Amino acid sequence: MKAHSLEIIRQEDIKLTPELILILTPITFIVGNWYLSALFILSAFAFMMLRYFTFKDHEIKFSNMIPWSLMLLWGIYVCYITPDPVKAVKYYTGTMLLPFFIYILFNNLRLNEKVLTKFFDAMLISGTVIGMYSVYTYIIFNMRSDMRVPSFWNDFNIVSAYMMILFMFNLSFLLKNDNRKKKVFYLFTITFILLGIYLTKTRGVWLAIIFSIAVFFIRKPKIIVPSLLLIGIIILLFYNIVEERVLSVINFEQDNSSLGRLQAWYSTILMIIEKPLLGYGFDTYYLHKYDVMAYYIVEVPHPHNTYLRAIQEMGLIGAVIYLYLFFKAAVYSFKFGGKKSDPVYSKYFDGLQLSFVGLIVAFNFEPYMSLFGVITIVIWILISLTFRLSQSSQSAIISSN
């Protein structure tokens, strides 16, 4: 069934609502704690269902139920073949069940321009705080060019992907906004978000940003000017960091990190060849890696690739089912975002398009959709929002306050 269009929030709803909880959720992303962010998501879902059963003032809608049913059922099978039952439940909850609740939540919330603006403003603020703390850490450690900074998060590769998504939307909002105060806000936030990205020194995310901007430039040439200006300033300020990472790519055969990633990819492919369709279970790479390769240059706990990890854990069948909605949402972001629609939709679709293109590239370097973590929550929020906006755009019903 198709999701209903964006709805107007009434005056009597201005209290503790699921929309308000959703707006506050990005603040939890600052610390990168999956449990805290999941608690806010589930609270918003619970309040939405409570409102429905109490007032029954609107119908709960569902869509894409066939792929969701297949994913949840296949996930139970993957849990069954996972040796560690506790780990199986965690991964199933974080990568499948919670995304399902996120999808239903976005499918049925009373969204309008005001709610979406506050939600993304909260996301940009979270990214700004993360970036500011990264800069602070970089300074107190005497600005060492060999240091990678993950800010409050535990993993610089994962936080870098989150900041990349924020950069994409920040750039879109900056280009599409005519309000001077808002432009100052977007310039301020994008500066620290970019600083945070650079200080993680994550080459895969850097490449993803360059590639997505290049693709987007074909459709909207004016994006190249502010992008090059912002990136150019950061490169000048942190030239040593950029030079060090570029040289690590040029001298690929001397970089242990790069060679270790190649080994992770190759060993995962060898595992997949042995069991291509049904997989090994959640987070089982480390259990089998020495079965296919005796020596590793660096210790690799996972395949360092979203696509390969999905196939290794869930089999080719499960990976296709799991990634289906991601790629469908990516297609929808271009299909409906490409139309001459209301600016309310346009700026979000631009951010979604940039994010999906960037993620498709970044997925080759880290397992961003295979973790029970904040980045998985954020990616499923993008997927869910894309379907909601696509349905609203398709029906040509636009609501604003």
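The shown structure was predicted, so the numbers you read here are calculated from the model rather than taken from an experiment.

(A) Molecular detail of unusual backbone geometry. For S151, which is not glycine, the phi dihedral falls at a positive 60 degrees. Relative to the helices and strands, S151 resides in the loop between α5 (113-140) and α6 (156-176). Residue classification places S151 among the buried residues on the basis of a relative accessible area of 12%. With phi around 55 degrees, H304 is a residue other than glycine that occupies positive phi space. Summarising the element assignment, H304 is placed in the loop between α12 (285-292) and α13 (306-337). Residue H304 is classed as buried on the basis of its relative accessible area of 13%.

(B) Layout of the environment of I193. Along the chain, I193 turns up in helix α7 (residues 180-200). Residue I193 is classed as buried on the basis of its relative accessible area of 0%. Through-space distance from the C-alpha of I193 to that of M163 is 6.0 Å; in sequence the pair is 30 residues apart. Once residues lying within four places of it in the same chain are set aside, the contact partners of I193 are L124, G127, T128, M163, L166, F167 and N170.

(C) Representation of the packing of helix α3 (residues 65-81) against helix α4 (residues 85-108) in the model. Interaxial distance between α3 and α4 falls to 9 Å at its minimum, and their mutual angle equals 170 degrees. In this view, α3 runs roughly antiparallel relative to α4, as classed from their interaxial angle. Where α3 abuts α4, its residues M65, W68, M71, L72, G75, I76 and C79 lie against A88, Y92, M96, L97, P99, F100 and Y103. In terms of residue class, the contact of α3 with α4 is built from 13 nonpolar, 1 polar and no charged.

(D) Layout of the environment of I197. With respect to the secondary-structure elements, I197 resides in helix α7. Sequence separation of I197 and V149 is 48 residues, and the distance between their C-alpha atoms is 9.1 Å. Beyond its immediate sequence surroundings of up to four residues, I197 is in contact with S160, M163, M164, F167, V205, W206 and I209.

(E) Spotlight on a nonpolar patch on the surface. A grouping of I27, I125, V129, Y133, Y136, I140, F141 and F152 is seen on the molecular surface, where their side chains present a nonpolar patch of about 680 Å² in accessible area. The element contributing the most residues to the nonpolar patch is α5, with 5 residues. Judged by its relative accessible area of 32%, Y133 is partly exposed.

Here is what the cut-offs are and how they apply
Residues numbered from 1 in each chain as written. Predicted model: local features only at pLDDT ≥ 70, side-chain atom pairs only at ≥ 80, totals over all residues. Heavy atoms only, no water. Helix = DSSP H or I, 4+ residues; strand = E, 2+ residues; numbered from the N terminus. Buried < 20%, exposed > 50% of the residue type's maximum accessible area, 1.4 Å probe, protein only. Contact = heavy atoms within 4.5 Å. Axes fitted to C-alpha atoms, helices over the stretch in contact; angles between N-to-C directions. Parallel < 35°, antiparallel > 145°, perpendicular 65-115°, else oblique. Nonpolar A, V, L, I, M, F, W, Y, C, P; charged D, E, K, R; others polar. Patch = residues over 30% accessible without salt bridge, like charges linked within 9 Å, V, L, I, M, F, W, Y side chains within 5 Å. Areas by Shrake-Rupley, 256 points an atom, 1.4 Å probe, with all protein chains shown as cover. Salt bridge = Lys/Arg side-chain N within 4 Å of Asp/Glu carboxyl O.

Take it as geometry only, folks, not as evidence of what the structure does.
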